[in-house]
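Overview (structure and organization)
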Amino acid sequence: MIKKICLITGATNGIGKATARQLLAIGYHVVFTARSMAKAESTVFEFKNSMPNCKVDYFLVNLSSLEEVREFASIFKEKYDRLDVLINNAGVWEKSYQKSKDGFELTFAVNHLSHFLLTNLLLDLITDTEESRIINVSSRLHLNGNLDFDDLNGEKSYNGNKAYANSKLANLLFTRHLAKMLENTKTTVNALMPGVVNTGLFDNFHPLLQKLFRVFLISSEKGAETSVYLATSDDAHRFSGEYFDKKKPAKSSKLSKDSEIAKKLWNISLQMTGLDAKK
């Protein structure tokens, strides 16, 4: 029996690591991206120590660099002949304004543009795999998002909380537009809200805010449950273009369902990532 291959962006801690652990435990071949070799090696050692026969690989990729995303996609397609599940999980929440290597606002670049590019570059491999799935980790904070297409780069006005909310709204708009594009295929595309999870996402916050958040945090294992459900459940494969919370379809913002905004974001993302030049 061929092992199903799942690619997870960012799996050395938090939700990504818990998702990888749960998928490995049920027999998936997990490939993950990481920025640190030390953390990646430590993660693999931990998995192998508890599951000696598990199949796990990693690649070092800085998702803030579109060039590195392109290089990784090319290498992945050379090494693997199928991709059953892509989980766009990695994310950042920058309180102060920062730019990516390509000159884009960092939160938007990592949380949206990198996954938009990676998904598109791997799309032929994904759609060639029977009953494949694309899963985007969003957030309930998308409700606070409202994209300003005249200032996607945040240069006119920047607020870290707003930037994060906008990137999570972008995840949903991307999910819905891609699902519509793939509606005549056997590939599904869904997004999810993992919950307020105890990860390193809040490390840049003031210590008092970190303490406040921890009162409401759930474990990474609990936060990974919906990702694992969407990756493995036969029932979940009936859905596409949906937003899930606690393993069930949930309501999302009115903006997240706006097909015109989704199309506009898609076209601008093509330009920002350089994909439009190839079409």
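These figures come from a predicted structure and were not determined experimentally. Along each chain, numbering runs from 1 in the same order as the chain's sequence is written. Where local features are concerned, this predicted model is filtered to residues with pLDDT of at least 70; where side-chain atom pairs are given and counted, the filter is 80 or more; whole-chain, interface and lining totals use all residues. Hydrogens and water are ignored here; the side-chain numbers use all heavy atoms of the structure.

1. Points about the pairing of strand β4 (residues 85-88)
Throughout this description, buried means an accessible area under 20% of the type-specific maximum (1.4 Å probe, protein chains only), exposed means over 50%, and partly exposed covers the range between. Only DSSP runs of H or I covering at least 4 residues are called helices, and only runs of E covering at least 2 are called strands; the numbering of each starts at the N terminus. A two-sided burial pattern is seen for β4, the buried positions comprising V85 and I87 on one face and L86 and N88 on the other. Strand direction decides the pairing type here: strand β1 (residues 5-9) and β4, joined by 3 bridges, are parallel. If you follow I8 over to β4, its bridge partner there is I87. At least two DSSP bridges between two strands are needed for those strands to be called paired. Where β4 meets strand β5 (residues 133-137), 4 bridges bridge the pair, whose relative direction is parallel. The residue of β5 that forms the bridge with L86 is I134.

2. Considerations on the packing of helix α3 (residues 66-79) against helix α4 (residues 106-127)
All axes are obtained by fitting lines to C-alpha atoms, using only the stretch in contact for helices, and the reported angles, taken between N-to-C directions, cover 0 to 180 degrees. Viewed as axis vectors pointing N to C, α3 and α4 meet at an angle of 25°, and their least axial separation amounts to 10 Å. Viewed along their axes, α3 and α4 adopt a mutual orientation that is roughly parallel. Along this stretch, α3 crosses α4, giving a crossing that reads as right-handed. Between α3, through L66, V69, R70, F72, A73, F76 and K77, and α4, the contact on the second element is made entirely by L113, S114, L117, L118, L121, L122, D124 and L125. Roughly parallel covers angles under 35 degrees, roughly antiparallel covers those over 145, roughly perpendicular covers 65 to 115, and oblique covers all other angles. Left-handed is the label given to a crossing in which the near helix is rotated counterclockwise from the far helix by less than a right angle, and right-handed is the label when the rotation is clockwise. Here a residue-residue contact requires only that any non-hydrogen atoms of the pair lie within 4.5 Å.

3. Some points on the environment of D258
Looking at the element boundaries, D258 is found in the loop between β8 (248-249) and α9 (259-273). Residue classification places D258 among the partly exposed residues on the basis of a relative accessible area of 31%. Residues adjacent in sequence count toward polar contacts only when both atoms are side-chain atoms; beyond that, a polar contact is any pair of N or O atoms within 3.5 Å, and within protein one must be able to donate a hydrogen and the other to accept it. One polar contact links the side chain of D258 to the main-chain amide nitrogen of E260, over a distance of 3.0 Å. A distance of 3.1 Å separates the side chain of D258 from the backbone nitrogen of I261, its partner in a polar contact.

4. A closer look at the pattern of salt bridges
Counted as salt bridges are all cases of a side-chain nitrogen of Lys or Arg within 4 Å of a carboxyl oxygen of Asp or Glu. One pass over the structure, following the stated rule, counts 11 salt bridges. As a salt-bridge pair, E46 and K17 come within 2.8 Å of each other at their nearest N and O atoms. Of this pair, E46 sits in helix α2 (residues 37-50) while K17 sits in helix α1 (residues 14-25), placing them 29 residues apart in sequence. For E46, a relative accessible area of 31% corresponds to the partly exposed category. We classify K17 as buried; its relative accessible area is 15%. Two residues, D84 and R82, come together in a salt bridge whose shortest N-O distance is 2.6 Å. In this structure D84 comes out as buried when scored by relative accessible area, which is 3%. R82 gets classed as partly exposed once you look at its relative accessible area, which sits at 22%.

5. A word on unusual backbone geometry
Backbone phi values are negative for most residues with the exception of glycine, while trans is the configuration of most peptide bonds. Its identity as a non-glycine residue notwithstanding, E131 has a phi of 50°, on the positive side. Structurally, E131 can be placed in the loop between α4 and β5. Here E131 falls in the partly exposed class, since its relative accessible area comes to 44%.

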